[in-house]
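# Coordinate inspection notes
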Amino acid sequence: MAPQSRRVYVAWADKADDFIIPEPWSSFAKRYEVDIERYPNPFRLLTELLQQWPEKTLTAEEDDKIRMKRLVESIAGYPLISVGRRPLDFPSHPMSPIALALSLYLDQIPSPEPKLNDTMGDLGSWYSLRNYVLMCSVDDQKIELAKMTFNIIETIRNFENEHMNTTFYHPSALDDDERRFLSVLHSSGHDRIVFWPQTNKNGINFGPPIKLTGRRNNFLKTYNYHEFKFERIQTWIKKWVANTEDYSKKSQNFITGTSVILESLFARIRSLLLRSETHIGVGGICIDGGGRISYYSENAPDEEQKLIRNFVNNSLLDLNENRVHEHPFMNVISKEIGIYFEQAEKDKLDWFTKLKNQNLQTQELYKELLGDASSWFYPEISFSEPKEDELEETECTHGNSKSTEEKPQSKFPCIICEKEHVEDFQLSSGNCSRVCPPHWLIFNIANSSKLRNLSLPHELGPEGGIRTKEFGRPKDIIAIDANSLGTIFKSNFEWNPQPSWIQINDKNPFKTVEPGIVKEFMTIYDENRESIENYKVSLHEVFDQIRQINNEELDGEFIDPSGRTIFVQNEVRKTLSNLRIAINTRIIRRSFSFNANWSISLRNKILAGKHRLTPWVAAGDDLILINRILLTPQEISDILTEFHKDLQSKLPKCNISFAGGWSKRTGEGQERKQIIECVHEALNNEKIAKHTWKQRMRNSAKEDFRNLVETKVPCEICSKKGNEWLNDARKKLHFYDAKNDQPASLTVNLTAEELEELAQNEPTNYTK
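This write-up is about the structure you can find in this document. (Residues numbered from 1 in each chain as written. Predicted model: local features only at pLDDT ≥ 70, side-chain atom pairs only at ≥ 80, totals over all residues. Heavy atoms only, no water.)

For the structure on display, the rule yields 33 aromatic pairs. An angle of 35° between the planes, with centres 6.4 Å apart, marks the rings of Tyr-340 and Trp-351 as tilted. With a gap of 11 residues between them, Tyr-340 in helix H13 (residues 330-346) and Trp-351 in helix H14 (residues 350-356) connect regions that are remote in the sequence. For the pair formed by Tyr-340 and Trp-351, the shared burial category is buried. Each residue in the set Phe-228, Phe-230, Trp-236, Trp-240, Phe-266, Trp-376, Phe-377, Tyr-378 and Phe-383 is aromatic and connected to the rest through ring pairs, giving one cluster. (Phe/Tyr/Trp six-rings, centres within 6.5 Å; stacked < 30°, edge-to-face > 60°. Helix = DSSP H or I, 4+ residues; strand = E, 2+ residues; numbered from the N terminus. Buried < 20%, exposed > 50% of the residue type's maximum accessible area, 1.4 Å probe, protein only.)

Here the focus is helix H24 (residues 633-650). With 18 residues, H24 should cover 26 Å at 1.5 Å per step; its first-to-last C-alpha distance of 26 Å lies within 8% of that length. Residues Ile-636, Ser-637, Ile-639, Leu-640, Thr-641, Phe-643, His-644, Asp-646, Leu-647, Gln-648 and Lys-650 constitute the buried set of H24. (Expected span 1.5 Å × (residues − 1).)

Secondary-structure assignment places Asp-18 in the segment before helix H1 (25-31). Taking relative accessible area as the criterion, Asp-18 reaches 10% and is therefore assigned buried.

With respect to the helices, strands and loops of the structure, His-325 is situated in the loop between helix H12 (301-313) and H13. Spatially, the C-alpha atom of His-325 lies 9.7 Å from that of Leu-273, the residues being 52 residues apart in sequence. Look past the residues within four positions of His-325 in its chain and what remains in contact with it is Arg-268, Ser-271, Leu-272, Arg-275, Ser-276 and Phe-311. Of the polar contacts made by the side chain of His-325, one reaches the backbone nitrogen of Leu-272; its length is 3.5 Å. (Contact = heavy atoms within 4.5 Å. Polar contact = N/O pair within 3.5 Å; in protein donor to acceptor, adjacent residues only side chain to side chain.)

Across the sheet, six strands lie side by side as E11-E12-E8-E13-E15-E14; this open sheet has mixed pairing. Strands with a single pairing partner mark the edges of an open sheet, and in this sheet they are strand E11 (614-619) and strand E14 (735-736). Of the strand pairs in this sheet, E14 and strand E15 (residues 745-748) are connected by two bridges, and their pairing is antiparallel. By the bridge assignment for E15, Phe-735 is matched with Leu-746. In this fold helix H11 (residues 253-275) packs onto E11 and strand E12 (622-627), with an angle of close to 45° to the strand it touches most, E11. (Pairing = 2+ DSSP bridges. Axes fitted to C-alpha atoms, helices over the stretch in contact; angles between N-to-C directions.)

Overall, the coordinates contain zero disulfides when judged by the stated rule. Between Cys-718, a cysteine without a disulfide, and Cys-396, which holds the nearest cysteine sulfur, the sulfur-to-sulfur distance is 3.6 Å. (Disulfide = S-S within 2.5 Å.)

Here we come to unusual backbone geometry. Positive phi, close to 60°, is recorded for Glu-33, a residue that is not glycine. Looking at the secondary structure, you find Glu-33 in the loop between H1 and helix H2 (42-51). Of note, the phi angle at Asp-424 is positive, near 55°, even though the residue is not glycine. Residue position: Asp-424 is located in the loop between strand E7 (393-396) and helix H17 (437-453). Judged by its relative accessible area of 70%, Asp-424 is exposed.

What follows deals with H13. With 17 residues, H13 ought to run about 24 Å at 1.5 Å a step, and its terminal C-alpha atoms sit 24 Å apart, in line with that. Turning to H13, its buried residues are Met-330, Val-332, Ile-333, Glu-336, Ile-337, Tyr-340, Phe-341, Gln-343 and Ala-344. Turning to H13, the residues buried within the fold contact H11, H14, helix H15 (362-370) and H17. Directly after H13, the chain includes Lys-348, whose backbone phi takes a positive value near 55°.

Following this line, the structure appears as structure tokens:
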């Protein structure tokens, strides 16, 4: 297989000359802050991911199917790095940024199959090595593991040799790290010798690349598109947080705990999509993040919805069928529900006594307490229909994040849910049965999550290792959210599809054999462009609405110069299928590019280092961060500035920015502001910051910035207040600008008194 000269489009490309500038591992790893001494090449890193897989069996001991899955998940940025958790589930873990960086590196290398060319001609492609491996992984492909392993090794070798301008990898022998990679993946045992390459007169014989072009064209005929998300997540969190400050001094746990429980559920759903027999693995995932996952499977929509709902219902239970998709906090759930059982029995609660009298087994008791979770515990599940996003008009209360008239739907008596006043009540294991099981779990999962985050290697403890009274107490709380992600993801690409039959002459691949037919195809494309490029609309529906197909206008045929008989309708269908796959691939690459780069910048610029913030909530682009190591306001501002700059340098073609709320914990002793108050202030300030940022974009002289908010209208009262507050003096701490062509980020830090004054205004409507 010869080295590839074709280039890969940038994930955020908007026209056909936006190519990635290829980087060999040495410079790429340096730019992404990967330790080049520890990981001098990508094979060393792949080897470690496979060797440290946190499951009971070594990778090489598994059968071909499991080894294939582990390899593909490592290539794709979805390796297991902790029990039940992958990099996007656990951004603060030290392996997360380097595992994601490896996948981004592989996403710049062209696919080893030259014909995988998106119907865009031979000049460029949406298909990288990463996406090629994803396509290989689709279960019905029946791809040989040895052949795919050889393709990966040879493609990386050729890429490195080409861009290092040297024979870094010798043509007749594998280097030590390549050999370690094969040993850890397959073993060097005699019965695994087929997984090691042979040689011929030209050196190592890796064999031909796997041909996916034909199989790829059947993908959309075989699989159905699904989208799963939760509705009104913030409202759901508010319901479970409401009134908790009256029952615990650690009421902030209920904000952290609800977020962690949702993150854990998404971790389990990712595992289901990657490992379930009814799904096609990581190659089926389309969009992953922002509280939703979209993907492909063979299941019809009603079958898939039933399966997902049943899985969510049982997601808090330690059932045999669930253990392969392990809950990251199942040990905490089992322990704390056990404590809850004991206390309920001691207190002789009527509802618990009735359950016990039914002689239920422990597992059945758990099911009574935690089963059917989608109907009473989690936010409402939505299985989205394939329709365009619509503007939503909503009411702004000008900084009152606590207000909610709804209450949790717990199945059991609970003093928090019922707002029952109990003098001097502080939630603990000795009185836990006074609250419902979900409140008890939320509280303790938050405790466990904090311990895990604060036990990671970059958390060095107090300065010099000497405990002080103030160390660890939150001084500042910052809530952050990315701006206009939906709009950014929808940005267009100037597609220029070319029917395959005009690419038959090697010297001139764009020579038009039948000008009239090509013109007819472009008419079809122009008339149906919106539905063709909408990956949520099935290709069957697209074909049904094309009048030329339905009116039998394309039933002709012709003979091309090579003697082939070309059936026009078949070629039109094939070309449109190719184009749809290319559109899907663009969405997949764009989603992963954002998720990976956001997570890497978060870990490297905010969560690690001498000056760092600690995550209480890290749900994709939704963050709540605390200052627990006595940083100054200027040091916090420097951290956020570096995060902004790093994010934009990694995503130069993406108009990414963030808006945030900042709250300072003031007072001393009994007068010290409660942490939960600071959290609410930060969330209120974040809302005002979002309105402020949107208004600044609407008023921008740059069309690109105005397009970010489209026709959305922010709250006039909040945006006015935010812009007045963000004067020149405050910009030094709260305005983050990389002095480039991308938008600035900002935070707002109104005091409690200023927020209270703002909230006195009558509610107004805005669009989002």
